[in-house]
Amino acid sequence: MSSRNFSRHRYSLTFKKATKAVKEALTFISLTITLTFLYACNDESVNHHFDEGNPPQLISEWNLFQLKKNQLTLSDGNIPYDLNTPLFSDYASKFRTLWIPKDTRIQFNKDTDYTFPDGTIISKTFYYRKAKEAAHSSNISLVHSTIQSETLSLKTNRLIETRLLVKKNNYWFAYPYIWDDQQVNARLAREGDFINLFISDSKSEKTFSYLVPDINQCAGCHAEDHTSGKLKPIGVKTRHINRKYNYNKGNFNQLAYWESLGYLEGYDPTEDLPRNANWNNFRTNAQSQSRPESVKVDGKQLEHQARSYLDINCAHCHNPKGAADTSGLHLNKDNISDRTIGICKPPIAAGRGSGGYTFSITPGNANESIIVHRVNSSDPAVMMPELGRVLIHREGVNLLSNWISALKGTCG
Amino acid sequence: MYKVSIAERLFQTAPRSSHLKAHKLKSFVQHPKYLVLSYQIKYRAALMLKPISITFLLVIIIAFFIYDIKPTQNPSIANGTELSKQISKQFLFAKKGDVIIIPEGHFEFMRSLSLRVSGVTVKGAGRDKTILSFKHQKQGAEGIIATGSNLIFEDFSVEDALGDGIKVNECNNLTMRRLRVEWTRGPHKKNGAYGLYPVQCENVLVEDTLVRAASDAGIYVGQSKNVIVRNNRAEFNVAGIEIENTIGADVFNNTAVNNTGGILIFNMPDLPQLGYATRIFSNTIKDNNTANFGANGTPVASIPAGSGIVINSNDLVEIFDNDIANNQTANVIISSYFSTGYAKDISPHQNFDPYPETIYIYNNRFSGGGDAPDHLELKALKIAEFGFRGRLPDILWDGIVNPSKSHEGLLSSQYAICIDNPKSGIVNVDAGNNYSNIRKDLADHACHHPKLSPITLTL
């Protein structure tokens, strides 16, 4: 056998092996790359798996949102929603979303909490309109945004934080994420933070310290049953979400839309469902009025509006089981007892918060009502709500004053 | 051998001459030996790629794990702010069974420290060594706010909270000991309301604490059960110690001095729990003559300066073996809800009993006091009944009684105010009848009540 032939034979064998080896290697490399970039995968599916002892440090890890071309859009299945009357949070606008795992359902409830499946993610992104002459990204406008859609413009808005409520093993976990100045990602901040914001269009405050809550403060509101201490969503209740939303597909009632997506269990559209007052109705009225007497809202509507306002701003603590049950003041919408709503009710442990006034609500006299005094305060030892705001909500004070001034009757 | 090193092969076939033309390079590249070699190189490279990929993969996986592991907390001790943040985090991420040790030092906080876990102990290095200051507090109505069972707070102080010093809400088995809660500027209307504030708790022990300058009550126990408040010092508060709507409390061996009112036992309406059964004994209650700096409209703001012990709308109160002296309005005041000045609504509330009943005062050592009462009507009363240089008696009672439990203004024996105290006096001002029948006769109160049982805690 010539050495040359022998070599050729060996060459072809080597060639085959080489090719095979190369192929194997390439498969391996591609696998590696795929696995390596799993975290940063660019598909649109929400990631709801997390370790509650060590939650994701960045909001992007949840893949709830897609950020591109100066816009924030929602990943597949992440649907937006809004409330009839929202909680006042220093005039911040809020972009709320709900996501549930495929083939799961939410147990609907007419009056109280829904039961959500494990894996539910509820998000709330706090943002402000950027000031027109924004020297810095922290220059914001206090003009409250009421635009509804499935997209959030990053050109005109400054994102502050996104708060998540995620359900795992039948427990809710709360995670606050603070958006960076570049508006690219948000970082987990369980100890909370203070963010200095500069207001361009306020006549009074020019700057304020926006508070990002720490996780215990999350519980301060979200543990509506103070004894159990368990976190729960507050806004997703029938009376708050029974309203329309301007989806990409059209303007639909939110409950009907969720039902059409197959999200709800036990939803009966023919039932007379509770519905809190739409805040925009009052706000537009209030902003165009300068004197309480000229508010063109009838008594019943005014009461509905005021009770709706108290419901969403106060009732998470001021309910018979909440953190403020020591006060005996129950501001949940379904409370029908005048006394525990506060009419002619003396304070218990309000301390300085009472402002020297005798009753929570003095009918016909808003200026001598403790509720108005406290809502109209920004002193941390006096103000109500105690948590969740730094600024005074002028329109809210206005509403409550109008309502109380119109109440009949006297105390004692 | 067939297996020759690649390098050798390379060097063997590589042209030595540097002036090779392109075609020679081309032919070189197409030379079978070179081809073999290139395949060999590729093959070997390919062979190496597999372990390289594996290694790469492993490195990535390991990196993720390392990245995901929580870094051990090693704060730089140099900076006080760092430590404050560290302390905040310890509260925030506390787990059952944790002992949060706060070292000696002065720590500033911008927001409340909150605890929502049971089974936690917070321990400082001593109440004059570990100081938590909330002077620059931006948010939160308390210094420390906690909820949970089996909690212990000891050996540190809380200064200048915007609101209450330490509030513990809904707890079973709470111990607060060797603490100091103070508003360092002294009595001021804008000080926080309560120094130590357990509310809706069961099995509570407050001992060896010092509370100063609270604008409501230094130690306030509300809507709780089974409480011991002992060996504390309360001074320069509006109310030194207050027990409100609480069932079963022993308040003893405390010193309440220089407050507006020394020790208060109150019941307020519209609350889920009404209180009764309190023993106040072996306390020193003196010189509680500080002007009232409580917030307008609060119940405590109605207390006249110079009150030793004040009982309001509460039943089954036993007062004995105390040293009560020099409280310029009265050493003991007993009143109903109607005398509070904040009860504009006198309609009967469900379950609320506005009358103080079954009060037993015995074997106390009274001296001085009553000589410069606060409130215009009490001044007038003193002058009218006891003269310019006189003094109001040790015990002052508004005399408003439940008609169904009394006869001609005198309470039936089981509800009576019984006084068995040598060298004391009483004035019943008959406030319910426009002060028309003022009585000062101790004989009205010569009775006894069965003694209350001591509180035993099951901490």
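Since we're looking at a predicted model, the values are computed, not measured.

Side note on the pairing of strand β13 (residues 207-212) of chain A
On a regular strand, one side chain projects to one face of the sheet and the next to the other, so that they alternate. Residues and elements named next belong to chain A. Burial of β13 is extensive: 5 of the 6 residues sit out of reach of the surface. In this sheet, β13 lies alongside strand β12 (residues 193-199) in antiparallel orientation, the contact comprising 6 bridges. Of the residues in β13, the one forming a bridge with Asp193 is Val212.

Some points on the packing of aromatic side chains
Overall, the coordinates contain 28 aromatic pairs over all chains when judged by the stated rule. Residues A:Tyr128 and A:Tyr210 carry aromatic rings whose centres are separated by 6.3 Å and whose planes lie at 85 degrees to one another, so their mutual orientation is edge-to-face. Taken together, the residues A:Tyr128 in strand β6 (residues 121-130) and A:Tyr210 in strand β13 connect sequence positions 82 residues apart. Of the two residues, A:Tyr128 and A:Tyr210, both sit in the buried class. Aromatic ring contacts, followed pair by pair, group A:Phe108, A:Tyr114, A:Phe116, A:Trp172 and A:Tyr267 into a single cluster. Between the NZ or CZ atom of A:Lys230 and the centre of the ring of A:Tyr171, over which it lies, the distance is 5.1 Å. In this structure, B:Lys138 is placed above the aromatic ring of A:Phe194, and the distance from its NZ or CZ to the ring centre is 4.6 Å.

Side note on helix α5 (residues 376-386) of chain B
Residue and element names in this part refer to chain B. Residues of α5 that are buried include every one of Leu378, Leu381 and Lys382, and no others. Along the axis of α5, the buried residues cluster in a sector spanning 100 degrees; they form a single face. Seen from the buried face of α5, the exposed residues on the opposite side, beyond 90 degrees, are Leu376 and Ala384. Its buried side turned inward, α5 meets β28 (395-397). In the segment just after α5, Gly387 is the residue with positive phi, at about 85 degrees.

A word on the interface of chain B and chain A
Of the residues lining the interface, 64 residues belong to chain B; the matching set on chain A comes to 62 residues. The interface formed by chain B and chain A contains 1 salt bridge. A:Asp214 is paired through a salt bridge with B:Arg111; the nearest N and O atoms lie 3.8 Å apart. Between the two partners, chain B and chain A, sit 11 residue pairs in polar contact (both at pLDDT 80 or more). At the level of elements, α3 (32-68), α4 (80-92), β3 (111-115), β6 (139-146), β9 (164-177) and β11 (194-207) of chain B are the ones that each hand at least two residues to the side of chain B that touches chain A. Ranked by residues supplied to the side of chain B that touches chain A, first place goes to α3(B) with 16 residues. Here the residues of the side of chain B that touches chain A sort into 32 nonpolar, 15 polar and 17 charged.

Describing the side chain of B:Glu182
Within the fold, B:Glu182 resides in strand β10 (residues 180-182). There is a polar contact of 3.0 Å between the side chain of B:Glu182 and the side chain of B:Arg212.

Focus: the pattern of salt bridges
Residues and elements named next belong to chain B. As enumerated under the stated definition, the model contains 32 salt bridges over all chains in all. Linking Arg233 and Glu235 is a salt bridge whose minimum nitrogen-to-oxygen distance equals 2.6 Å. Between Asp444 and Arg439 there is a salt bridge, with its nearest N and O atoms 2.8 Å apart. Accessibility expressed as a relative area gives 27% for Arg439, which makes it partly exposed. Through salt bridges with shared partners, a single ionic network connects Lys123, Glu154, Asp155, Arg177, Arg178, Glu207 and Arg230.

Overview of unusual backbone geometry
A cis amide bond links A:Met384 to the next residue, A:Pro385, at an omega of -10 degrees. Position of A:Pro385 relative to the elements: it lies in the loop between α8 (370-375) and α9 (394-405). Backbone geometry at A:Asn169 places phi at a positive 50 degrees, although glycine is not the residue there. Looking at where A:Asn169 falls in the secondary structure, it is placed in the loop between β9 (157-168) and β10 (171-179). Exposure remark for A:Asn169: the relative accessible area of 53% places this residue in the exposed category. Although it is not a glycine, B:Asp155 adopts a positive phi angle of roughly 65 degrees. Structurally, B:Asp155 is set in the loop between β7 (151-154) and β8 (157-159). Its relative accessible area of 10% is what places B:Asp155 among the buried residues.

The rules we used
- Residues numbered from 1 in each chain as written.
- Chains lettered and ligands numbered in written order.
- Predicted model: local features only at pLDDT ≥ 70, side-chain atom pairs only at ≥ 80, totals over all residues.
- Heavy atoms only, no water.
- Buried < 20%, exposed > 50% of the residue type's maximum accessible area, 1.4 Å probe, protein only.
- Helix = DSSP H or I, 4+ residues; strand = E, 2+ residues; numbered from the N terminus.
- Pairing = 2+ DSSP bridges.
- Phe/Tyr/Trp six-rings, centres within 6.5 Å; stacked < 30°, edge-to-face > 60°.
- Lys NZ or Arg CZ within 6 Å of the ring centre and 35° of its normal.
- Arc of directions from axis to C-beta.
- Contact = heavy atoms within 4.5 Å.
- Salt bridge = Lys/Arg side-chain N within 4 Å of Asp/Glu carboxyl O.
- Polar contact = N/O pair within 3.5 Å; in protein donor to acceptor, adjacent residues only side chain to side chain.
- Nonpolar A, V, L, I, M, F, W, Y, C, P; charged D, E, K, R; others polar.

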